[in-house]
Amino acid sequence: MKLNQITSALAQQKAGLLSKQTLLTSALLAFAAPALAAEAPAQEVPTAEPEEAVERIQVSGMRATMSRSLDEKRTNAAVVDAIAAADFGDLPGLSISDVIENITSVSGHRGKGSSSETSIRGMGPFLGYSTWNGRTVTSAGYSRAVNFKKFPSDLVNKVVVYKSQQADLVEGGVAGTIELSSLRPIDYGKHKTTVEAQAIYNSHTARLHDENGFGNRLTFSTVNQFETDSLGDFGYTLGFQRTDTSNPEESMLTSSSMYGCGSRMADGSPAPQGSYDCEDMLDKEGITDENGDNYGWDIRDSIDVYDPDSMFYTSSSHTYRTMEEEDLRKAVVGTLQWQPNENWDINADIAWSKNSYWEERHDFIVTSARRNINWDTMVVGQDGTLLYREGEAKMEAQGLHRDETERYNGYGLNIANYWNDDWKFELDLSYSRSTRSRIDYKSRIVTGDYWNYSLDNTKHRLTELRFLDTDGAVFDPNNPESWLAENNNGSAPEGKYERLTDDRWDTHKAIRFDTDYLIDGDIFSSVRAGFRYSKQHLTSDLDDDVALRVRGQLPESNADQVSEYKTKDEAITDILVSDCFTDWNNDRWMNSEDGEGIEGGRWASFDGRCGFGVMSGVNEDNSFTDIGPWVDRRSTGDDDIREDVTAAYVMANIDTEMFGLTTTGNVGVRVVKTEVESSGWRQDYEVDFSDPTEPKLEAKVDENGVPILEKVVLENDVTEVLPSANITFHLEDDLLLRTAVYRSLSRPNLQDMGAGRQIKTGSGDEETETIAELISDVTGDNPNLEPIMSWNGDISLEWYPSTDTAISTAFYLKRFEASFENTILQETITIDGQEVPIDVRATSNGDDKSTLWGIELAGQHHFADLPGLWSGLGVKASYNYADSDFENEDGAFGNAYDENGELTKTRIDGFDPANIFGFSEHVFSGSVYWDYEDFSIRVLYKYRSKYYQPNTGSRANRYVEPFEYVDMNMKYKLTDDTSVSFKALNVLDEAQYMTRGTNNYPTLISSSGPKYFLGIKTKF
């Protein structure tokens, strides 16, 4: 047992209680804390106190979890909040994402019925960092944000959120670091095996025809220890979870492209109207600038042409969606602990997960929601939101089938050697790899003629689509024959199909060495130092769109492929109409919203794989088959990014007396060097001046007609110094004043540092003099992006009157040293042997400094002193208010700058910059639980105010509107070893609501409904 005491003592050492005597004493007092709370007289310790301590430790359920969580918070040197299971497998949540939302001032972005993209203190996920047993966790998503669903809550021992930084933490979190820990089995000291089976009911799946809404989850976990005569002590844990469920979403959404238009000219006269999109009006009508040049579609360049009171803003299309889906998730977590003698502690762990997922989307789309809008009937809100419109558009039925597999493999080995009473050495090796393979099979059919319609948001947030008279006919979305040429004035419909692939591999390897030296001085009790080296490699293979150039002919090279296949051959489109529409299967679509959305609440559903099979024509019976990706999979959207990080730190732990008060904590500094090498592709071009009146750039191709790509390699490195100090003043035994000052960083997303360049070319005229004039637009990422740096300060007052009660208040301040802003990068490329300057639209670091400050209030209490069953009552609540002047300009309507910080486009009034990604001004969570004898119940309420939520490829800013969720769980113990449970997510059936551009323009309303879990759990 001696080594177990050392292990516990070193956990306290990290909290700064580091004198040799205090180390062992603190380890024991942590377990005796419930007894101390009873304030028993000292002379009663030998007889009464040990019994009471044992009794309190055995308290189960939420009360015990709350008490252990408070102990984690109280004994840590940094500013933290935590949730720690009272017993292995007892964390209160269905996934770690749900568990983390129980922690003070932590909130998530909800999608498909559960939480993801966790934010700390209202700050977005890109400002946070996540580790598993102190090691980086890779992500297969677009950002560094971790998908916590890969870690089943039953297999995690505790979660600690570091809200301040200290030198020995892996850098990366301005907002904070979320640390997940597995159980160390020898330290646990008990044998336990648990099996739980759960039935899952999804209300939105159940409303689909031929579905019952049921899924299942099976969880197994075991922990064991054994001693040997010659090899020392061994312990292991092993956990497995399998979940088979579905999370279909019902939604109304708009395209990510936003446009600004005006219904009156600057002189007050009505703007011209015609059969074109409103943003093209100036060019279509021949209205040019003072130099005779066309304005183009960017409203920032032509805003002065219009009467400002007539401006409105709209997306390019409106979509109504229903779907079916299935989600199969498997996960394994295991640990092995070996203590060959009292000087060695060796721990190995593994985490593995696989998520196989498919979905079948059926969309109805108003393809051009800004064509020939009727100025006389339109209604525009004060902020420019187009609330009501009548226009004409082609109607589209689209089907998409998605297959996605995501895998995670993580391994770690930690070897600790207690050289003597003063020295400890620790070596840590880790490997983490996340992969995601996503394939979409999309097909659609579009009417040949335009139909009149109206879109109305004057009454409800769910946009109501109605079909208006068009030459004596009204479009019927429920009748597949509405797409036939005979019902479209003889215009044949157009069929389209394409295959999309998005594969990502993110691999991280690291080695870390740390040493601790106990000095037991008057001020410093120990010194900790170490270094860490890591290599991360992200590969993203984006095959945007591919189809067969010739129907039925499989490709031998890229010359046999096109980005999208299109046909108006009625022999094919007639088959699409007759064979590829399916029966409507959701009679309660979007019934959580007011209004019915699309007229009648239904439409003819198009089968994406059916259309894919018909138009690809590979099989004679037109059945679906996969045509594969591009033969040459290189593209300008691919990323190959390597990030090497070297870090070293030194940290002194404090255990002293200042101002007559016991003072603990740490001071230290961490030096970090980040090196980035980014590889990508750009299309090679040649100049064609064969027609002097229309010179142009032609894409170079090889002998097979395949485009020739040039590799682009860019490098960057940056070194940062991160000092930190965490000082805690023990005002009383139960009253702590914590202070922290530190510098921190958050790195940009790896995929935002790509080197690929997408070049759009245009044609010139007889006045064209340079190659640069033939390039209309260049977009790409920025490998020179540097981390967001911040100086931070925290001060908090924490009161712990008992092991069941805590009240705390905190103030924090963050001073960001730079920002991200839309910019124009000036680069040079070679075309036909000539150096050509290009302007690349990208994101860059700006010089603007910004400040974020906030106040955090938290409290929890278990009413143990109340009589009888009331003694099972407990509450926990937290509130976070934050304010920031950080600015993210709107990419479509905001300010734009060149690489020198010079303004190139001026923001349109009313389009204020967004704040930090994921920033919410208000975050509140509250829970009430009752845990008495064999029965417990808990209700959790979460509120989060509006926040900025960008999406890939979008220019206009997108926001999640305020939301509130209620989750609930109950448990009843049938015996000492067996219990039944019932859990419910999203009890209020809250839909997710997003806006884009203006404050009231809906871009997404997504409903996934409540979800229920009924389980039985036994342990032995």
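Looking at an unreviewed UniProt entry, the chain carries the name TonB-dependent receptor, with the source organism given as Neiella marina. As stated in UniProt under Sequence similarities (unreviewed entry), the record for the chain gives "Belongs to the TonB-dependent receptor family." In UniProt, the chain has this text filed under Subcellular location (unreviewed entry): "Cell outer membrane".

A.B. asks: Could you give an account of the pattern of salt bridges, with specific residues and numbers?
C.D. replies: Inspection of the entire model under this criterion finds 61 salt bridges. Between Lys 73 and Asp 81 there is a salt bridge, and its shortest N-O distance comes to 3.3 Å. Accessibility expressed as a relative area gives 8% for Lys 73, which makes it buried. Look at the salt bridges and you will find they share partners, linking Lys 73, Asp 81, Arg 121, Lys 163, Arg 738, Asp 794, Glu 798 and Glu 856 into a network.

A.B. asks: Explain the sheet that holds strand β16 (residues 379-380) residue by residue, including any values.
C.D. replies: Reading across from one edge, β16-β17-β20-β21 is the order of the four strands in this open sheet, with antiparallel pairing throughout. One side of each edge strand has no neighbouring strand; the edge strands of this open sheet are β16 and β21 (464-467). As paired strands, β16 and strand β17 (residues 386-393) are joined by two bridges and run antiparallel to one another. Along β17, the bridge assignment pairs Val 380 with Leu 386.

A.B. asks: Summarise the packing of aromatic side chains; cite the residues concerned and give the values.
C.D. replies: Each aromatic ring pair is specified by the distance between its two centres and by the angle formed by the two planes. Enumeration over the complete set of coordinates arrives at 41 aromatic pairs. Ring geometry for Trp 930 against Tyr 932: centres 6.0 Å apart, planes inclined by 20°, an arrangement best described as stacked. Taken together, the aromatic side chains of Phe 364, Trp 451, Phe 467, Phe 475, Trp 483, Phe 581 and Phe 606 make up a single cluster linked through ring pairs. A cation sits over an aromatic face here: Arg 609 above Phe 624, 5.8 Å from the ring centre.

A.B. asks: An account of helix α10 (residues 570-579) is requested, with residue identities and associated values reported.
C.D. replies: Three or more residues of α10 are buried, namely Ile 572, Thr 573, Leu 576 and Val 577. Taken down its axis, α10 places every buried residue within 140° of arc, on the same side. Opposite the packed face of α10, turned more than 90 degrees from it, sit the exposed residues Ala 571, Ser 578 and Asp 579. Packing partners of the buried residues in α10 comprise β19 (423-446), β22 (494-518), β25 (565-567), β26 (581-582), β27 (605-606) and α11 (608-616).

A.B. asks: Please set out the sheet that holds strand β4 (residues 128-132) residue by residue, giving values where relevant.
C.D. replies: With mixed pairing, five strands are arranged side by side in an open sheet as β1-β6-β7-β4-β5. Here the strands that pair on one side only, and so sit at the sheet edges, are β1 (80-84) and β5 (135-136). When β1 meets strand β6 (residues 158-162), the two strands line up antiparallel, connected through five bridges. In the sheet register, Val 80 faces β6, and the bridge partner there is Tyr 162. On top of the sheet, helix α4 (residues 61-75) reaches β1 and β6; it is set at about 145° to β1, its chief contact.

A.B. asks: For the state of the cysteines, give the residues involved together with the corresponding values.
C.D. replies: Evaluation of the coordinates by the stated rule reveals two disulfides. Covalently, Cys 261 is tied to Cys 278 through a disulfide, its sulfur atoms 2.0 Å apart. Classification of the bridge connecting Cys 261 and Cys 278 rests on its S-S torsion, roughly 65°, and on that basis the disulfide is right-handed. Of the two residues, Cys 261 is situated in strand β12 (residues 258-262) and Cys 278 in the loop between β12 and α8 (281-284); the sequence distance between them amounts to 17 residues. The same class applies to Cys 261 and to Cys 278, which are both buried.

A.B. asks: Let's hear about α11: which residues, and what values?
C.D. replies: α11 sits mainly inside the fold: eight of its nine residues count as buried. Gly 608, Cys 610, Gly 611, Phe 612, Gly 613, Val 614, Met 615 and Ser 616 are the residues of α11 that are buried. A distance of 3.1 Å separates the backbone nitrogen of Arg 609 from a side-chain oxygen at the start of α11, and that oxygen is part of Asp 607.

A.B. asks: Describe in detail the packing of α10 against α11, supporting the description with residues and values.
C.D. replies: At a closest axis distance of 10 Å, the pairing of α10 and α11 adopts a crossing angle of 155°. As judged from the angle between their axes, α10 and α11 are roughly antiparallel. Considering only the axes of α10 and α11, their crossing is right-handed. Across from Ile 572, Ile 575, Leu 576 and Asp 579 in α10, the residues of α11 making contact are Cys 610, Gly 611, Val 614 and Met 615. For the contact of α10 with α11, the per-class residue count stands at six nonpolar, one polar and one charged.

A.B. asks: Before we move on, could you go through the environment of Trp 603 and cite the residues and values that matter?
C.D. replies: Here Trp 603 shows up in the loop between β26 and β27. A relative accessible area of 1% means that Trp 603 is categorised as buried. With 126 residues separating them along the chain, Trp 603 and Pro 477 place their C-alpha atoms 5.1 Å apart. In contact with Trp 603, not counting residues within four places along its chain, are Tyr 320, Arg 321, Thr 322, His 362, Asp 363, Phe 364, Pro 477, Asn 478, Trp 584, Trp 589 and Ile 598.

A.B. asks: Provide a residue-level description of a nonpolar patch on the surface, including the pertinent values.
C.D. replies: On the surface, a cluster of nonpolar side chains totalling about 580 Å² of accessible area is made up of Trp 419, Trp 423, Tyr 517, Ile 519, Ile 523 and Phe 524. Looking at the element boundaries, Ile 523 is found in the loop between β22 and β23 (524-548). Judged by its relative accessible area of 45%, Ile 523 is partly exposed.

A.B. asks: Could you give an account of the pairing of strand β8 (residues 192-202), naming the residues involved and the relevant values?
C.D. replies: Pairing between β8 and strand β9 (residues 214-227): ten bridges, direction antiparallel. Looking at β9, one finds that Ala 197 is bridged to Leu 218. Sheet analysis places β8 next to strand β52 (residues 1011-1019), joined by nine bridges and oriented antiparallel. Each residue of the ladder has a partner; that of Ile 200, found in β52, is Phe 1013.

A.B. asks: Tell me about unusual backbone geometry, residues and numbers included.
C.D. replies: Even without glycine at this site, Ser 105 takes up a positive phi of about 65°. Locating Ser 105 in the fold gives a position in the loop between α5 (96-100) and β2 (106-111). Overall, Ser 105 belongs to the buried group, its relative accessible area being 1%. Here Asp 832, not a glycine, exhibits a phi torsion of approximately 55°, which is positive. Looking at the secondary structure, you find Asp 832 in the loop between β38 (819-831) and β39 (834-846).

A.B. asks: So what about a negative patch on the surface? Which residues, and what values?
C.D. replies: On the surface, Asp 847, Asp 848, Asp 883, Asp 885, Glu 887, Asp 909, Asp 912 and Glu 921 cluster together into a patch of negative charge. Tracing the sequence through the fold places Asp 912 in the loop between β43 (903-905) and β44 (922-932).

Calculation rules
- Residues numbered from 1 in each chain as written.
- Predicted model: local features only at pLDDT ≥ 70, side-chain atom pairs only at ≥ 80, totals over all residues.
- Heavy atoms only, no water.
- UniProt positions renumbered as here; feature names shortened; annotations may be inferred.
- Salt bridge = Lys/Arg side-chain N within 4 Å of Asp/Glu carboxyl O.
- Buried < 20%, exposed > 50% of the residue type's maximum accessible area, 1.4 Å probe, protein only.
- Pairing = 2+ DSSP bridges.
- Helix = DSSP H or I, 4+ residues; strand = E, 2+ residues; numbered from the N terminus.
- Phe/Tyr/Trp six-rings, centres within 6.5 Å; stacked < 30°, edge-to-face > 60°.
- Lys NZ or Arg CZ within 6 Å of the ring centre and 35° of its normal.
- Arc of directions from axis to C-beta.
- Contact = heavy atoms within 4.5 Å.
- Axes fitted to C-alpha atoms, helices over the stretch in contact; angles between N-to-C directions.
- Disulfide = S-S within 2.5 Å.
- Polar contact = N/O pair within 3.5 Å; in protein donor to acceptor, adjacent residues only side chain to side chain.
- Parallel < 35°, antiparallel > 145°, perpendicular 65-115°, else oblique.
- Left-handed = near helix turned anticlockwise from the far one by under 90°.
- Nonpolar A, V, L, I, M, F, W, Y, C, P; charged D, E, K, R; others polar.
- Patch = residues over 30% accessible without salt bridge, like charges linked within 9 Å, V, L, I, M, F, W, Y side chains within 5 Å.
- Areas by Shrake-Rupley, 256 points an atom, 1.4 Å probe, with all protein chains shown as cover.
- Lys, Arg positive; Asp, Glu negative; His and termini not counted.
- Charge placed at Lys NZ, Arg CZ, Asp CG, Glu CD.

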